[in-house]
Amino acid sequence: MSENNRLGVFKTYKLYVGGKFPRSESGRVYEVTDSKGAWLANVPQSSRKDARDTVVAARKAFGGWSGATAYNRGQVLYRVAEMLEGRKEQFVREVAASEGLSKSKAAVVVDAAIDRWVWYAGWTDKIGQISGGANPVAGPFFNLSTPEPTGVVAVLAPQKSSLLGLVSVIAPVIATGNTAVVIASADAPLPALSLGEVLATSDVPGGVVNILSGATAELAAPLAAHQDVNAIDLTGAGAELAKDLEIAAADNLKRVLRPRPAEADGSDPSTDWLAAPGTHRLTAFLETKTVWHPTGALGASGSSY
């Protein structure tokens, strides 16, 4: 058949929940357009039931993921970067269309997103060295403080940085042993949904990352109030929505990460996310466990350990 007569195969975008690709239980979809208003795809419009399902999947995956060694988590994150590298052309197209960038600028953003995965992969077995340690105490005992993951984290992805910002908020959450429920950018969800395909073909266990598309406010409200969600990242929420979500999150004492000014909804172009990320997102969703241990005498000399 001539190439001119061939009908193209349209891509069907789906949610990513528990390692699988369901459609929204509501059956709803909405149109996604590029920066010029041209149609790109129909994507699922997730419901509150979908949000609750992702929490169940994330909780189920938490034990195994948090119990894995930090070195192993680093290997898994590096594998994600490998898979992204192999699908770079696809993500360049999607980022260019979603963010209204030229292909050359979109390529810079995609390269930065891949490098960001590698950067966080390197931190998995090092974050404990800067957020924990032995504490000086006076007495016949010593104590050690070690970081532990908080649990299930709801992540509101940046609204305008559809891939680099997305990676910048997901990677530190899972690098430290948490599991994530992610609400993709409402207007530019395609890179996020495609990232789900990358995660599924990497070594990331199902349920460690779950990705929803749809209206941010509709999905964030039940997650902020959910009793089995331990923390929430408000990066993709506007000021008014963020305030409401903080109030809801207080009911079960969730950890809340507020967006920095450059990351706030409506003012987060990709250039803001190109800066060095630092470690504040790695430590945002860690709890500190301190263990006290008595010392014991060794021999007649009275020396101790």
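Residues numbered from 1 in each chain as written. Predicted model: local features only at pLDDT ≥ 70, side-chain atom pairs only at ≥ 80, totals over all residues. Heavy atoms only, no water.

Novice: What is the right way to look at the overall build of the chain in this model?
Specialist: Assigned secondary structure in the chain consists of 11 helices and 12 strands. Relative to the 2.2 N^0.38 estimate, which gives 19 Å for 305 residues, the radius of gyration of the chain is 21 Å and therefore close to what a compact globule would have. With the C-alpha coordinates aligned to their principal axes, the bounding extent of the chain is approximately 95 × 40 × 35 Å. Out of the 305 residues belonging to the chain, those deemed buried represent 46%. For the chain, long-range pairs separated by at least 24 residues make up 77% of all intrachain contacts whose partners lie at least 6 apart in sequence. (Helix = DSSP H or I, 4+ residues; strand = E, 2+ residues; numbered from the N terminus. Rg over C-alpha atoms; globule rule 2.2 N^0.38 Å. Buried < 20%, exposed > 50% of the residue type's maximum accessible area, 1.4 Å probe, protein only. Contact = heavy atoms within 4.5 Å.)

Novice: I tried to follow the pairing of strand β6 (residues 179–183) on my own but got confused; where do I start?
Specialist: Side chains on a regular strand alternate between the two faces of the sheet. Along β6, five of the five residues are buried, which leaves the element largely enclosed by surrounding structure. Burial along β6 is two-sided: Thr 179, Val 181 and Ile 183 facing one way and Ala 180 and Val 182 facing the other are all buried. Note that strand β5 (residues 152–156) and β6 share five bridges and pair parallel. Considered in β6, the bridge of Val 153 is made with Ala 180. For the segment spanning β5, helix α6 (residues 164–175) and β6, crossover handedness is right-handed. With four bridges connecting them, β6 and strand β7 (residues 209–212) associate as parallel partners. Bridged to Ala 180 within β7 is Val 209. Tracing the backbone out of β6, into helix α7 (residues 190–200) and back to the parallel element β7 gives a crossover that is right-handed. (Pairing = 2+ DSSP bridges. Right-handed = clockwise from strand over helix to strand, strands pointing away.)

Novice: Sorry, what's going on with the layout of surface pockets here?
Specialist: Empty space among the atoms can be located by rolling a probe the size of a water molecule over them. Estimated volume of the largest pocket: approximately 270 Å³. Per-element tally for the lining of the largest pocket: the top contributor is strand β2 (residues 39–44), with six residues. Among the residues making up the lining of the largest pocket, the classes are represented as nine nonpolar, five polar and three charged. (1 Å grid on protein atoms, 1.4 Å probe; cavity = no way out; pocket = protein on both sides within 12 Å on 5 of 7 lines; lining within 4 Å. Points joined across faces, edges and corners; volume = space filled by probe spheres on them. Nonpolar A, V, L, I, M, F, W, Y, C, P; charged D, E, K, R; others polar.)

Novice: Whenever I open this one, the packing of aromatic side chains confuses me. Can you help?
Specialist: The description of an aromatic ring pair uses the distance of the two centres, along with the angle that the planes make with each other. Under the definition given, this model contains four aromatic pairs. With a centroid separation of 5.9 Å and an interplanar angle of 75 degrees, the aromatic rings of Phe 10 and Trp 39 are classed as edge-to-face. A residue pair is termed long-range when its members are at least 10 positions apart, and Phe 10 in the segment before β1 (29–33) and Trp 39 in strand β2 qualify at 29 residues. Owing to a relative accessible area of 42%, Trp 39 belongs among the partly exposed residues under this scheme. Here the aromatic rings of Tyr 16 and Phe 21 are separated by 5.2 Å at their centres, their planes lie at 35 degrees, and the arrangement is tilted. A residue is classified by how much of its surface remains accessible, and Phe 21, at 33% relative accessible area, is partly exposed. Its guanidinium or amino end placed over the ring of Phe 62, Arg 59 lies 5.6 Å from that ring's centre, counting from NZ or CZ. (Phe/Tyr/Trp six-rings, centres within 6.5 Å; stacked < 30°, edge-to-face > 60°. Lys NZ or Arg CZ within 6 Å of the ring centre and 35° of its normal.)

Novice: Is there a simple way to explain the confidence of the model for the chain in this structure?
Specialist: For residues with low pLDDT, the predicted coordinates do not support detailed interpretation. Across the chain, pLDDT averages 90, with 92% of residues at or above 70. Below pLDDT 50 for its whole length, residues 264–271 participates in 23 contacts with residues either more than four positions away or in separate chains. (pLDDT = per-residue confidence, 0-100.)

Novice: Just checking my understanding: could you explain the nonpolar core for this structure?
Specialist: If you look at soluble globular proteins, the nonpolar side chains tend to sit buried side by side. One finds Trp 117, Val 182, Leu 199 and Ile 211 to be the most contacted residues of the largest nonpolar core, which totals 60 residues. Excluding residues that lie within four positions of it along the chain, Trp 117 makes contacts with Leu 77, Val 80, Ala 81, Leu 84, Val 167, Ile 170, Ala 171, Ile 174, Leu 195 and Leu 199. Ala 57, Leu 223, Ala 224 and Ala 242 belong to the second-largest nonpolar core, a separate cluster that totals 23 residues. (Core = buried A, V, L, I, M, F, W, Y, C linked by side-chain atoms within 4.5 Å.)

Novice: I tried to follow unusual backbone geometry on my own but got confused; where do I start?
Specialist: Peptide bonds are, in most cases, trans, and in most cases residues other than glycine have a negative phi. With phi around 60 degrees, Leu 253 is a residue other than glycine that occupies positive phi space. The residue Leu 253 is located in the loop between α9 (239–249) and β9 (255–257) in this model. What makes Leu 253 exposed here is its relative accessible area of 75%.

Novice: Please clarify how the sheet that holds strand β10 (residues 286–294) should be interpreted in this entry.
Specialist: The strands making up a sheet are joined through hydrogen bonds of the backbone, oriented either antiparallel or parallel. Read from one edge of the open sheet, three strands run β3-β4-β10, paired in antiparallel fashion. Looking at strand neighbours, the two that pair on one side only are β3 (133–135) and β10, the edges of this open sheet. Strand-to-strand twist across the sheet, computed as the mean angle between neighbouring axes with direction ignored, equals 30 degrees. As paired strands, β3 and strand β4 (residues 141–149) are joined by three bridges and run antiparallel to one another. Paired with Ala 134 across the two strands is Leu 144, which belongs to β4. (Axes fitted to C-alpha atoms, helices over the stretch in contact; angles between N-to-C directions.)

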